[in-house]
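Residue-level structural notes
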Amino acid sequence: MKNTVLTFAKAKKEKTKVSMLTAYDYSTAKLINDAGINSILVGDSLGNVMLGYEDTISVTMEDMIHHTKAVSRGAKDALVVADMPFMSYQTSVYDAVVNAGRLMKEGRANAVKLEGGREVCPQIKAIVEAGIPVCAHIGLTPQSINALGGNKVQGKTEAAARKLLEDALAVQEAGAFAVVIEAVPEKLAALITEKLDIVTIGIGAGNGCDGQVLVYQDMLGMFSDFTPRFVKKYASLGELMTAAFQQYDEEVKSAAFPAAEHTYKMDDDVIEKLY
Ligand code: KIV
């Protein structure tokens, strides 16, 4: 059955956890969907893990639409949330609504996600009023990496913690159906979760959140450029893939591949006529 914003609301009410993973292509989305994960985030982390940028700043609307289309085709049951890339919503409320609309119309997303607290509430309100569900994102917000001075844990001082709590309440008030909390101490994320009526989805925010999200290449051990402390590796697919690529390389070069079972046959008398 298709997960919707109502699934999230029900999970909050019944205190059951929500699972979310990122995906950026059709076949991975299908595998994640078939594993029963509630939601797939087409994260702008695709800038790092798919496109090889060092941050998410250069990701464009066209990148997001292209990958969201592919994921949506594979996610029959999972709720597809598409990230709004840097400068697709910060510039104005009008830009925010137009670009959120494109991710829904062209990408076939079920919801959009944008980064920020109180300062993006006018955008959240307008997008929600246009009939588009919004997931907010507070704490470490990678699009603001230059302003934050790096990938640092957020909300450790009283003032910063208070601001995060106020931001969480503000995005809820603006109409967000969920909020991602990234790189925030466990106790603060748990307190925010307790105070909110909407689902909190943690990434590096401890077990007190209503749900969790990870980048799939991180949890499968496929991405080694950097691995944040909060990532649990559920598999070492990177090593398996490299070993398989090496074996393929050896077999191509030794002519062990392709073997008879990988080869199409034809009648000898047909080929003999061509000699
Ligand atoms: O872009 C992304 O993958 C994200 C998650 C890390 C929450 O925003």
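Below: a short report on this structure. (Residues numbered from 1 in each chain as written. Predicted model: local features only at pLDDT ≥ 70, side-chain atom pairs only at ≥ 80, totals over all residues. Heavy atoms only, no water.)

Description of the site of the ligand
Taken together, 13 residues form the shell around the ligand, and within it Gly-43, Asp-44, Ser-45, Asp-83 and Lys-113 come nearest. Asp-83 places a side-chain nitrogen or oxygen 3.1 Å from an oxygen atom of the ligand. When the ligand sits alone it has 250 Å² of accessible area, and the protein chains cover 95% of it. The site holding the ligand turns out to be the largest pocket. For the shell around the ligand, a count of residues per class yields five nonpolar, four polar and four charged. (Near = heavy atom within 4 Å. Polar contact = N/O pair within 3.5 Å; in protein donor to acceptor, adjacent residues only side chain to side chain. Areas by Shrake-Rupley, 256 points an atom, 1.4 Å probe, with all protein chains shown as cover. 1 Å grid on protein atoms, 1.4 Å probe; cavity = no way out; pocket = protein on both sides within 12 Å on 5 of 7 lines; lining within 4 Å. Sits in = over half its atoms within 2 Å of the grid points. Nonpolar A, V, L, I, M, F, W, Y, C, P; charged D, E, K, R; others polar.)

Comments concerning the sheet that holds strand S1 (residues 18-22)
Overall, parallel pairing links the eight strands, which are arranged S1-S2-S3-S4-S5-S6-S7-S8 in a closed barrel. Each strand axis lies, on average, 25 degrees off the axis of its neighbour in the sheet, ignoring direction. Examined bridge by bridge, strand S7 (residues 199-203) and strand S8 (residues 211-214) share two bridges and lie parallel to one another. Paired with Gly-202 across the two strands is Gln-212, which belongs to S8. Across the sheet, helix H8 (residues 158-174) lies against strand S5 (134-139) and strand S6 (178-182), angled at about 175 degrees from S5, the strand it touches most. (Pairing = 2+ DSSP bridges. Helix = DSSP H or I, 4+ residues; strand = E, 2+ residues; numbered from the N terminus. Axes fitted to C-alpha atoms, helices over the stretch in contact; angles between N-to-C directions. Contact = heavy atoms within 4.5 Å.)

Thoughts on the packing of helix H6 (residues 121-129) against H8
Viewed as axis vectors pointing N to C, H6 and H8 meet at an angle of 25 degrees, and their least axial separation amounts to 8 Å. In this view, H6 runs roughly parallel relative to H8, as classed from their interaxial angle. Relative to H8, the crossing made by H6 is right-handed. Of the residues in H8, those touching H6 at Cys-121, Ile-124, Lys-125 and Val-128 are Ala-170, Val-171 and Ala-174. Looking at side-chain class alone, the contact of H6 with H8 contains six nonpolar, no polar and one charged residues. (Parallel < 35°, antiparallel > 145°, perpendicular 65-115°, else oblique. Left-handed = near helix turned anticlockwise from the far one by under 90°.)

Considerations on the pairing of S5
In terms of residue burial, S5 counts as a mostly covered element, since six of its six residues are buried. What you see with S5 is no split at all: Val-134, Ala-136 and Ile-138 on one side and Cys-135, His-137 and Gly-139 on the other are buried throughout. Pairing of strand S4 (residues 111-115) with S5, which is carried by four bridges, proceeds in the parallel orientation. Of the residues in S5, the one forming a bridge with Val-112 is Val-134. Each parallel crossover has a hand, and the one from S4 via H6 to S5 is right-handed. Sheet topology note: the S5/S6 ladder contains five bridges and is parallel. What sits directly across from His-137, in S6, is Val-180. (Buried < 20%, exposed > 50% of the residue type's maximum accessible area, 1.4 Å probe, protein only. Right-handed = clockwise from strand over helix to strand, strands pointing away.)

As for the pattern of salt bridges
Scanning the entire structure with this criterion turns up 11 salt bridges. The closest approach of N and O atoms between Asp-167 and Lys-163, which form a salt bridge, is 2.7 Å. Taken together, the residues span about one helical turn, with Asp-167 and Lys-163 both in helix H8 at a distance of four residues. With relative accessibility at 5%, the residue Asp-167 sits in the buried group. For Lys-163, a relative accessible area of 46% puts it in the partly exposed group. Salt bridges here are not isolated pairs; linked through shared partners, they connect Glu-62, Arg-102 and Glu-106. (Salt bridge = Lys/Arg side-chain N within 4 Å of Asp/Glu carboxyl O.)

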